[in-house]
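Observations on the model geometry
Read off the chains here:
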Amino acid sequence: MTHLWIRAETRPNEERVGITPEGVARLVARGTQVTLEDSPTRILPTAPYAEAGATIVPEASWPGAPEDALVFGLKELPDDGTALRHRHILFGHAYKGQPDGQRLLKRFAEGGGTLYDLEYLLDENGRRVAAFGYWAGYAGAAVSLLAWATQRQGALCPPVSAWPDEAALQRDLRAALQGASPLPRAIVIGALGRVGSGARDLCAAMGVTTTDWDMAETASGGPFPEVLEHEVFLNCILAQPGCPVFVPAGARGADRRLSVIGDIACDPTSAFSPIKVYDRATSWEEPALRAHEDPPLDVMAIDNLPSLLPRESSLDFAAQLLPHLETLDRLDQGVWGRAKALFDTHLKEATT
């Protein structure tokens, strides 16, 4: 019998979950054993999961889960150096040379466990089957515009917190932009993808005009002076080998209109990052960092943007992922088989 163990998220400000009570009910009906860790912060309450057939256990009890359990969470595990013996489903951020990712892979090597990275659950055409991208784009564009509005007042973006829903986010952002004339022009790179679609929809809702670029417009490899001609740049392209540089280090002191970068893809520690004016992620407490003073250039690089809209993003992602959770009894096939093969390749590279 397949045993899915849904762990509580331990990262601060993380309320999302990758499966709904309705999804649990469908898995249980198929014969899957489901265990759910209780959580006081999860956006969906525990009781409906129990009613759907999940066994409820204390949070953070997954290290003692049975050997055959598949431990399912979203964000990273506690970075405590312990060996990992289970099969884990999560966003590992471990395949692009990130230092934290290399440590994670070595923990799997020490414990004999396996990582099924949610970022690399791919169909036969290499496309992701489930992603938070739309809501990352939506929330990332919102915080970037908030940073722009605050910068006009001579300050850095104030702390942010999760919004109860999309309507509340729009109300707050409209209030911040009130009186700003003209509104900024934004360039969205990766405009045709999930992330870019979310960014464009938020901008449209706020009345912000966007220049929409995708693969065709960036195929030349750069340089791209057009980016500096917009007040806001929203990067929606994942860092990967061959990715062009959109904002070189020299852009800090260049003649530019650009004053806010929303690095929604947010992979500053990767060698493939297309934005070279900053080197660390930002946070909910400090959403933007000042990359240059005069003229100002602020970078928004929060790495858990969908968590700012935990309800919408959880429901969307869970609906995308559920059909694949229903195939966990065939781990050697399909998206799971491909994820395991990718893990094996990167594990070998990290340990040799």
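Let us look at the structure shown here. If you're wondering where the values come from, they're calculated on a predicted model, not measured in any experiment.

What about the pairing of strand β6 (residues 114-117)?
Because side chains alternate across β6, one face comprises the buried residues T114 and Y116, and the other comprises L115 and D117, equally buried. Examined bridge by bridge, strand β5 (residues 87-90) and β6 share 4 bridges and lie parallel to one another. Within the sheet, the bridge partner assigned to H88 lies in β6 and is L115. On the question of chirality, the crossover connecting β5 to the parallel β6 by way of helix α3 (residues 99-111) is right-handed.

Let's talk about unusual backbone geometry
With an omega of 0°, the peptide bond running from S181 to P182 counts as cis. Looking at the secondary structure, you find P182 in the loop between α5 (166-177) and β7 (186-189). Cis geometry marks the peptide bond from G222 to P223, where omega comes out at 5°. Mapping P223 onto the fold places it in the loop between α7 (215-218) and β9 (232-235). Phi is positive for A60, close to 65°, though the residue is something other than glycine. Assignment of secondary structure puts A60 in the loop between β3 (55-57) and β4 (70-72).

Description of the side chain of H86
Secondary-structure assignment places H86 in the loop between β4 and β5. In this structure the side chain of H86 is engaged in a polar contact, spanning 2.9 Å, whose partner is the backbone oxygen of A65. Engagement of the side chain of H86 in a polar contact is seen with the backbone oxygen of P66, the distance being 3.2 Å. Residues in contact with H86, not counting those within four places in the same chain, are W62, P63, A65, P66, E67, A69, V71, F108, G113 and T114.

Some points on the sheet that holds strand β11 (residues 288-292)
The strand order across the open sheet formed by 6 strands is β8-β7-β9-β10-β12-β11, and the pairing between neighbours is mixed. Looking at strand neighbours, the two that pair on one side only are β8 (210-213) and β11, the edges of this open sheet. Put simply, the sheet's adjacent strands are angled 20° from each other on average, direction ignored. Judged from the 3 bridges that link them, strand β10 (residues 260-263) and strand β12 (residues 297-300) form a sheet pairing that is parallel.

Criteria and thresholds
Residues numbered from 1 in each chain as written. Predicted model: local features only at pLDDT ≥ 70, side-chain atom pairs only at ≥ 80, totals over all residues. Heavy atoms only, no water. Buried < 20%, exposed > 50% of the residue type's maximum accessible area, 1.4 Å probe, protein only. Helix = DSSP H or I, 4+ residues; strand = E, 2+ residues; numbered from the N terminus. Pairing = 2+ DSSP bridges. Right-handed = clockwise from strand over helix to strand, strands pointing away. Polar contact = N/O pair within 3.5 Å; in protein donor to acceptor, adjacent residues only side chain to side chain. Contact = heavy atoms within 4.5 Å. Axes fitted to C-alpha atoms, helices over the stretch in contact; angles between N-to-C directions.

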